[in-house]
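Observations on chain architecture
Next come the chains, spelled out residue by residue.
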Amino acid sequence: NAGVTQTPKFQVLKTGQSMTLQCAQDMNHNSMYWYRQDPGMGLRLIYYSASEGTTDKGEVPNGYNVSRLNKREFSLRLESAAPSQTSVYFCATSGTKWTEAFFGQGTRLTVV
Amino acid sequence: AQSVTQLGSHVSVSEGALVLLRCNYSSSVPPYLFWYVQYPNQGLQLLLKYTTGATLVKGINGFEAEFKKSETSFHLTKPSAHMSDAAEYFCAVTPINTGNQFYFGTGTSLTVIP
């Protein structure tokens, strides 16, 4: 039982390049989230998806797009990477409302 | 809007001493509350949560937290620190009217001194 799987684990991009971060869960959860973690700023919500077919902006959506491909998968795309997007990205899922979130291991992205 | 404040970005305690990590939330309606722990280069792991019922909540690894509505607080404690407790700790809330968004504090890094 893998839980929440993120790929890749590490990535270095040049400014202006694009990439997609993948997240897959086998927990049969409806809600999925993308957060970024920066030193001293905690976790900030980029986008979330309350159910298959829906997505909503979080606190810091600029420069990102998301796709909820199906119930299992939720991807985050950077169309034109910027150094300010250097961060650790976490995917998370939650089941029914008010239950806790379960996190993946993170993707460490560096934009040079 | 929800906000979570964790007082003290860095806390150091001696091994065997009391651990106290502070968390306050701002919300007119008390949210559901969570504490997560993050070890280096890992994701976040749930320590404990408060939804309803008893306000003193026990979690894994000997941690507990008490929800105090009058103080809008959910402080995390452990009677005796262990070296393995060194990690980053995050307090989080989710509004009871939606229940599907999580708001995190900025985290507290706990150092345990041998």
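Details of the structure are given in the entry above.
Now for a description of the structure that goes with this document.

Once that is clear, we can look at the state of the cysteines. Following the criterion strictly, the structure yields 2 disulfides over all chains and no others. A disulfide bridge connects Cys-23 of chain A with Cys-91 of chain A, and the sulfur atoms are separated by 1.9 Å. As the torsion about the S-S bond is roughly -70°, the Cys-23 of chain A-Cys-91 of chain A disulfide counts as left-handed. Here Cys-91 of chain A lies in strand S9 (residues 87-94) and Cys-23 of chain A lies in strand S3 (residues 19-25), a separation of 68 residues in the sequence. Here Cys-23 of chain A and Cys-91 of chain A have matching classes, each one buried. Bridging Cys-23 of chain B to Cys-91 of chain B, the disulfide has an S-S length of 1.9 Å. Its S-S torsion of approximately -65° makes the covalent link between Cys-23 of chain B and Cys-91 of chain B left-handed.

What follows is about the nonpolar core. All names here are of chain B. Residues Trp-35, Leu-47, Leu-48, Phe-74, Leu-76 and Tyr-89 are the most contacted members of the largest nonpolar core, which totals 26 residues. Only strand S2 (10-14), strand S3 (19-21), strand S5 (32-38), strand S6 (44-50), strand S8 (64-68), strand S9 (73-78), strand S10 (87-94) and strand S12 (108-113) provide two or more residues apiece to this core. Among the elements that take part in this core, S10 stands out by supplying 4 residues, more than any other. Leu-48 has contacts with Leu-33, Phe-34, Trp-35, Val-57, Lys-58, Gly-59, Phe-63, Glu-64, Ala-65, Phe-74 and Leu-76, leaving out every residue within four places of it along the chain.

The geometry of an aromatic ring pair is captured by two quantities: the separation of the ring centres and the angle between the planes. Scanning all chains against the criterion turns up 15 aromatic pairs over all chains. Geometrically, the ring pair formed by Tyr-35 of chain A and Phe-103 of chain A is tilted, given 6.0 Å between the ring centres and 40° between the ring planes. With Tyr-35 of chain A in strand S4 (residues 31-38) and Phe-103 of chain A in strand S10 (residues 101-103), this pair connects stretches of sequence that are 68 residues apart. Comparing Tyr-35 of chain A with Phe-103 of chain A, the two get one shared label, buried. Their ring planes at 85° and their centres at 5.3 Å tell us that Tyr-35 of chain A and Phe-104 of chain B sit as a pair that is edge-to-face.

Turning next to unusual backbone geometry. Pro-8 of chain A follows Thr-7 of chain A through a cis peptide bond whose omega is -5°. The residue Pro-8 of chain A is located in the loop between strand S1 (4-7) and strand S2 (10-13) in this model. Even without glycine at this site, Asn-61 of chain B takes up a positive phi of about 60°. In this structure, Asn-61 of chain B sits in the loop between strand S7 (56-58) and S8. Of note, the phi angle at Thr-72 of chain B is positive, near 45°, even though the residue is not glycine.

So, about the sheet that holds strand S8 (residues 74-78) of chain A. Residue and element names in this part refer to chain A. Ordered in space as S1-S3-S8-S7, the 4 strands form an open sheet in which the pairing is antiparallel. This sheet does not close on itself; its edge strands, each paired only once, are S1 and strand S7 (64-68). Sheet twist, expressed as the mean angle between neighbouring strand axes with direction ignored, is 15°. Where S1 meets S3, 4 bridges bridge the pair, whose relative direction is antiparallel. Bridge pairing in S3 links Val-4 to Gln-25.

Cut-offs used in this document
- Residues numbered from 1 in each chain as written.
- Chains lettered and ligands numbered in written order.
- Predicted model: local features only at pLDDT ≥ 70, side-chain atom pairs only at ≥ 80, totals over all residues.
- Heavy atoms only, no water.
- Disulfide = S-S within 2.5 Å.
- Helix = DSSP H or I, 4+ residues; strand = E, 2+ residues; numbered from the N terminus.
- Buried < 20%, exposed > 50% of the residue type's maximum accessible area, 1.4 Å probe, protein only.
- Core = buried A, V, L, I, M, F, W, Y, C linked by side-chain atoms within 4.5 Å.
- Contact = heavy atoms within 4.5 Å.
- Phe/Tyr/Trp six-rings, centres within 6.5 Å; stacked < 30°, edge-to-face > 60°.
- Pairing = 2+ DSSP bridges.
- Axes fitted to C-alpha atoms, helices over the stretch in contact; angles between N-to-C directions.

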